[in-house]
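# Results of the structural survey
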Amino acid sequence: LKTEALAAVERADSTAALEEARVRYLGRSSGLVEIKKSIGSLPVEEKKTVGRSSNEATRAIEGALREKVERLAAEEREARLREEAVDVTLPGVPFPKGSFHPTQIVIDDVVDFFVGLGYRVAEGPEVETDYYNFTALGIPPGHPARSMQDTFFLDDGLVMRTHTSPVQVRTMLATEPPVYVVCPGRTYRRDSDPTHTPMFNQIEGLAVDREITLADLKGTLAAMARHVFGESVEIRLRPSYFQFTEPSVELDVSCFLCGGRDSSCKVCKGAGWLEMGGAGMVDPEVLGNVGYDAEEYTGFAFGFGPDRMAMVKFGIPDLRMFFEGDLRFLRQF
Ligand code: FA5
């Protein structure tokens, strides 16, 4: 029995196999325990020899087990260490890194600028009611400006918003003045050519407070343009018309590349100025529509096209490239 047990211990090649051998040869129902139990019924002279030899066998097996346990544990630890070893001298595995979309770079840049001035960021739904998209902004049903915006109409008086200006209305209805917000978001029009896409982005801005003037608007837009395009750019406000601002202006930024001096400039084509978006003083009627006191408060608003701004900033000739998802294009930013 002892020889068999020692051989089994020697054969065991894992701590689990060793435990199995221990139970088999020393456990409660092992042959050795059986023998020890039977000692009491043996004749006196046999008791001594059987007792001694069974004790001796138990000690020998226990000793062999202990030694083997230690050896196995050491071996297993060593194997694990070998397996988990990290060779810090190997070169790292490079993993692909994404980059921001050019439009997103401009949006983040503009939003950062306004947040720095203390503006809050506001958002609104892309599926908008006719009321917020048009009527509340002074464009009643049947007004020609509705068809000028090439609207995608949905059922039940809903439209895909054609601009971010409805967020102005929603913000003012939800907050008491003073209000300072920027509202980036997706907008939709039935347009498609090198500078127009059916889905595009706008960034709306709105400031309503006591004694806000057109000079505040101009100073704010000039600082924004310098932040996005560089310290040397100038801005120009041209008279324009929007139903929800009076007076209304169009914002032009001087070409940051050639400063308007190069007729072959690939950014401005020699025009010297680049169109960024619309702006103006919030029409008192719009303030009245949201329950603000137009005697006490005035405000300015603006709406830029960050896709267009990105075309200019990065010198991209066709807006549609922004939406093709071509990685060769996107990896450049
Ligand atoms: C508006 O949408 C006004 N809501 C802007 C505004 C806001 C005026 C607040 C006054 C006060 P407009 O239709 O001009 O204005 O569009 C503004 C900008 O959106 C454009 O200058 C252009 O940069 C961008 N844009 C318009 N249509 C498209 C299009 N299809 N694709 C890409 N950009 C476009």
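Above this text is the structure in question.
The notes below deal with the structure included here. Every value quoted in this text rests on a predicted model; they were computed, and no experiment measured them. (Residues numbered from 1 in each chain as written. Predicted model: local features only at pLDDT ≥ 70, side-chain atom pairs only at ≥ 80, totals over all residues. Heavy atoms only, no water.)

## Things to note about the pattern of salt bridges
Going by this rule: The working definition used for a salt bridge is a side-chain nitrogen of Lys or Arg within 4 Å of a carboxyl oxygen of Asp or Glu. Secondary structure elements follow DSSP: runs of H or I no shorter than four residues count as helices, runs of E no shorter than two count as strands, and numbering proceeds from the N terminus. Only protein chains enter the accessibility calculation, which uses a 1.4 Å probe; a residue whose area is less than 20% of its type maximum is buried, one above 50% is exposed, and one in between is partly exposed.
Across all of its chains, the model carries 13 salt bridges by this definition. When the shortest N-O distance is used, the salt bridge between Glu34 and Lys37 registers 3.8 Å. Of this pair, Glu34 and Lys37 both sit in helix 3 (residues 31–38), separated by 3 residues, roughly a single helical turn. For Glu34, a relative accessible area of 42% translates into the label partly exposed. Judged by relative accessible area, Lys37 falls into the exposed class, the value being 59%. Across the pair Arg236 and Asp252 runs a salt bridge whose closest N-O atoms are separated by 3.0 Å. Residue Arg236 is found in strand 6 (residues 235–242), and its partner Asp252 is found in strand 7 (residues 245–254); the two are separated by 16 residues along the sequence. By relative accessible area, which is 31% here, Arg236 ends up partly exposed. Where salt bridges share partners, they join Arg236, Arg238, Asp252 and Glu275 into one cluster.

## Structural notes on the pairing of strand 8 (residues 273–282)
Cut-off, in case you're wondering: When DSSP finds two or more bridges between a pair of strands, those strands are recorded as paired.
Taken across its 10 residues, strand 8 has 8 buried, putting it largely inside the fold. Taken together, the 8 bridges between strand 7 and strand 8 define a ladder with antiparallel strand orientation. Within strand 8, the position partnered with Asp252 by the bridge is Glu275. Taken together, the 5 bridges between strand 8 and strand 9 (residues 298–304) define a ladder with antiparallel strand orientation. Residue pairing for strand 9: Ala279 is matched across the bridge by Phe302.

Everything listed here is a matter of coordinates, which is why it stays silent on function.
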